[in-house]
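# Observations on the three-dimensional arrangement
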Amino acid sequence: MGKTLAEKLLANHTDDGKATAGDIVEAHIDLLMVHEVLGSRIIPILKEMDFKHVWDPKRIIVVNDHWAPASDINSAEIHRRNRNFVREQGIMNFCDVDCGISHQILPESGLVAPGDLIIGSDSHSTTYGAFNAFSTGLAATDSALILATGMSWFMVPETIRIEVDGKLSKMVMSKDLILLILKDLGPDGANYKSIEFFGTTIDNMDVGPRMTMCNMTVEAGAKCSPMMVNGYVESWMKNVAPTRKWTSTKPDDDAEYIQNLTYDLNKDPLCPMVATPDNPTNGQSVIEVSGVPIDQAFIGSCTNGRIDDLEIAAKILKGKKIRKGVRLIITPASRETYVHALHEGLVEIFMDAGAIVTNSTCGACVGGHLGVLGAGEVCISTTNRNFRGRMGHKDSSIYLASPATVAASALEGAITDPRRV
Amino acid sequence: MTRNLTNITGRAWVFGNDINTDQIIQGQYLTILDYAEMAKHTFEIPRPLFASKVKKNDIVIAGRNFGGGSSREEAPKVLLESGIGCVIAESFARIFYRNGFNVGLPLLIAPNAAKLVKDGETVTVNLVEGTLTLRSNKDIIHGKPVTERILNLLSAGGAVQWYRKTLGKR
């Protein structure tokens, strides 16, 4: 019987080269990313473990991204602990509060390559699947054990096969596609599972929109969602890591899948989608929720804060003003994205339209800072989660949508179909 | 620390489906460095009185997909800190399930428990047998017994203690 992508990628990291769905395997980690959870939770655990040295200072990246720059005294203390740890342990890759969001920085720095096994102390670590990596989120204790040993155990996941063919129409983005897929899967439809994407839509998709899709597979509970390498990934790798050697991994033709979903976008064209409160799997066509008044519009995060996201928002906002009384907050995913947006003149378009452009941080998405919601407020956001209270007050509500839909909604002061502006 | 895993008796706190990590502990409290302080905000959104009323060995009973969302280990940690003796659910989200055992919080997968047990009712969990017994009528709900590997992890008091006993000595 053939092997899935998840089975092959994991098998390449075990001592005996074996991994079959359902097995529990010990695997060698290529790269571990830890963020503020290092200072707040992992360092105290390491003390309990009588830990001395990290297993390999080259295979660890520390990122201060969730509350960047520090939003209060506690986050400042966490950042201080992270800086000390990086210095004491000689960790080679460190991104302080000036860099941006981990899931954007890792690929930009050339630290993600096809075939890698990458663990992050963050659930959205599934993002690196866009690069043909097996990547998943674990928490503090597992991260501490990896810091000490470079190993972790995994249950080899079963796989759901999703095929998407056809073209996304104008103002319809990969965010809309993943919101549709999440609606079909439900909040635990991919729990413990790997998702593999196939079809012409995915083959022809650039790196940014692929990352958006892999980022959100965890909202259906997925463990990982490795995609196959395409031309965009090849040129990305040439650009960010020209000397790094990597090989692409493909599933076998006779690999076994536990579920198959297929989408034909030429036959059934996709509408812009909006996930209503309080779950990312509550997707509906924008037409259904059009006209819901908003207080805040947010464009940013590891889901949709990349240059292609900012470009489409700028296209909609250029020469226009956002509705009075509405706040539009734009948080580029990384410093590099920010600089890129500056050079392209996007920041000027945003400022002229009445937006607030912040530094790169997870900030508003986790209800941390730079866009926290008050009681009763409504936000339309390009982020990944709209759980109750996620971005602030427990009585605020969040609608998830693409950057195009969020920008159009900011202009109208209510949820708006971007194809109409 | 050795936990009693065959007789965990306490009052049930019953929840529905899809209780995510933000409902267990909201993101705004994650920078609090002291778990006892953070635990004062456990279940603040779905059950505002939880933190003031919870007693040692109380049991959380939920429907499908308990603990979805963020990877935050703070979620099982604040439950442990609140004195919760066991969480029973029809299913658990992947990362929460792993985190629970890692921090030494007993978890049991059992069908229909959230429908059969009344909020506040006293129940007894036997994790080795994988059962939940209602005190009122002695009804027994059969769940999925955890593996020996997980029982060892829980008996040791979590993954760190297990590491100190095993891997750390290599």
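What counts, and at which threshold
- Residues numbered from 1 in each chain as written.
- Chains lettered and ligands numbered in written order.
- Predicted model: local features only at pLDDT ≥ 70, side-chain atom pairs only at ≥ 80, totals over all residues.
- Pairing = 2+ DSSP bridges.
- Helix = DSSP H or I, 4+ residues; strand = E, 2+ residues; numbered from the N terminus.
- Axes fitted to C-alpha atoms, helices over the stretch in contact; angles between N-to-C directions.
- Domains from an automatic or database assignment.
- Nonpolar A, V, L, I, M, F, W, Y, C, P; charged D, E, K, R; others polar.
- Contact = placed C-beta atoms within 7 Å.
- Buried ≥ 20, exposed ≤ 12 C-beta atoms within 10 Å, placed from the backbone.
- Right-handed = clockwise from strand over helix to strand, strands pointing away.
- Core = buried A, V, L, I, M, F, W, Y, C linked by C-beta atoms within 7 Å.
- Parallel < 35°, antiparallel > 145°, perpendicular 65-115°, else oblique.
- Left-handed = near helix turned anticlockwise from the far one by under 90°.

Residue and element names in this part refer to chain A. As summarised here, the arrangement of the 3 strands in space is 9-8-10, forming an open sheet in which the pairing is parallel. Each end of this open sheet is capped by a strand with a single partner; those strands are strand 9 (194-198) and strand 10 (259-264). Taking each pair of neighbouring strands and ignoring which way they run, the sheet shows an average axis angle of 20°. In terms of strand pairing, strand 8 (residues 159-165) meets strand 9 through 5 bridges, oriented parallel.

Once that is clear, we can look at the domain arrangement of chain A. Buried accessible area, meaning the area lost when the parts come together, often serves as the stated size of an interface. Residue and element names in this part refer to chain A. In terms of domains, chain A is made up of domain 1 (5-261) and domain 2 (275-420). For domain 1 and domain 2, the distance between their C-alpha centroids amounts to 24 Å. Mapped onto the side of domain 1 that touches domain 2, the elements with two or more residues apiece are helix 4 (102-108), helix 6 (174-185) and helix 8 (207-216). Here the element with the most residues in the side of domain 1 that touches domain 2 is helix 6; it accounts for 7 residues. Residue composition of the side of domain 1 that touches domain 2, by class: 15 nonpolar, 11 polar and 9 charged.

Here we take up the interface of chain B and chain A. Opposite the 33 residues of chain B that make contact, chain A presents 38 residues. Counting only elements with at least two residues in the side of chain B that touches chain A, the list comes to helix 1 (21-24), helix 5 (94-103) and helix 8 (159-165) of chain B. Counting residues per element, the side of chain B that touches chain A draws most heavily on helix 5 of chain B, which supplies 6 residues. By residue class, the composition of the side of chain B that touches chain A is 10 nonpolar, 15 polar and 8 charged.

This part covers helix 5 (residues 140-149) of chain A. The element helix 5 of chain A is largely enclosed, with a buried count of 9 among its 10 residues. Every buried residue of helix 5 of chain A is listed here: A140, T141, D142, S143, A144, L145, I146, L147 and A148 of chain A.

Next up on the list: the pairing of strand 2 (residues 31-34) of chain A. Residue and element names in this part refer to chain A. Of the two faces of strand 2, the one holding L31 and M33 and the one holding L32 and V34 are both buried throughout. Bridge count between strand 2 and strand 5 (residues 117-120): 3 bridges; the pairing is parallel. If you follow M33 over to strand 5, its bridge partner there is G120. Strand direction decides the pairing type here: strand 2 and strand 3 (residues 60-63), joined by 3 bridges, are parallel. Across the sheet, L32 pairs through a bridge with I60, a residue of strand 3. Handedness of the crossover joining strand 2 and strand 3 through helix 2 (residues 37-48): right-handed.

Further remarks concern the pairing of strand 16 (residues 378-381) of chain A. All names here are of chain A. Direction of pairing for strand 13 (residues 296-300) relative to strand 16: parallel, over a ladder of 3 bridges. When the bridges of strand 16 are listed, A297 appears paired with I380. Relative to strand 17 (residues 397-400), strand 16 runs parallel, the two being bridged by 4 bridges. Across the sheet, I380 pairs through a bridge with Y399, a residue of strand 17.

Core analysis: the biggest nonpolar cluster contains 185 residues, and F350 of chain A together with I59, I61, V87 and I88 of chain B have the highest contact counts within it. If one sorts the elements of this core by residue count, helix 6 of chain A sits on top with 7 residues. Ignoring any residue separated from it by four or fewer positions in sequence, one finds V87 of chain B in contact with V60, F66, L79, G100, L105 and L107 of chain B.

What follows covers the packing of helix 6 of chain A against helix 8 of chain A. Packed helices, taken two at a time, are described by the angle their axes make and the gap between the axes. Residues and elements named next belong to chain A. Running from N to C, helix 6 and helix 8 point in directions that differ by 25°, and their axes come no closer than 8 Å. By the angle between their directions, the pair helix 6 and helix 8 is classed as roughly parallel. As for how helix 6 packs across helix 8, the hand of that crossing is right-handed. For the pair helix 6 and helix 8, contact is made by S174, K175, L177, I178 and L182 and by P209, T212, M213 and M216, respectively. Looking at the contact of helix 6 with helix 8 residue by residue, the class counts come to 6 nonpolar, 2 polar and 1 charged.

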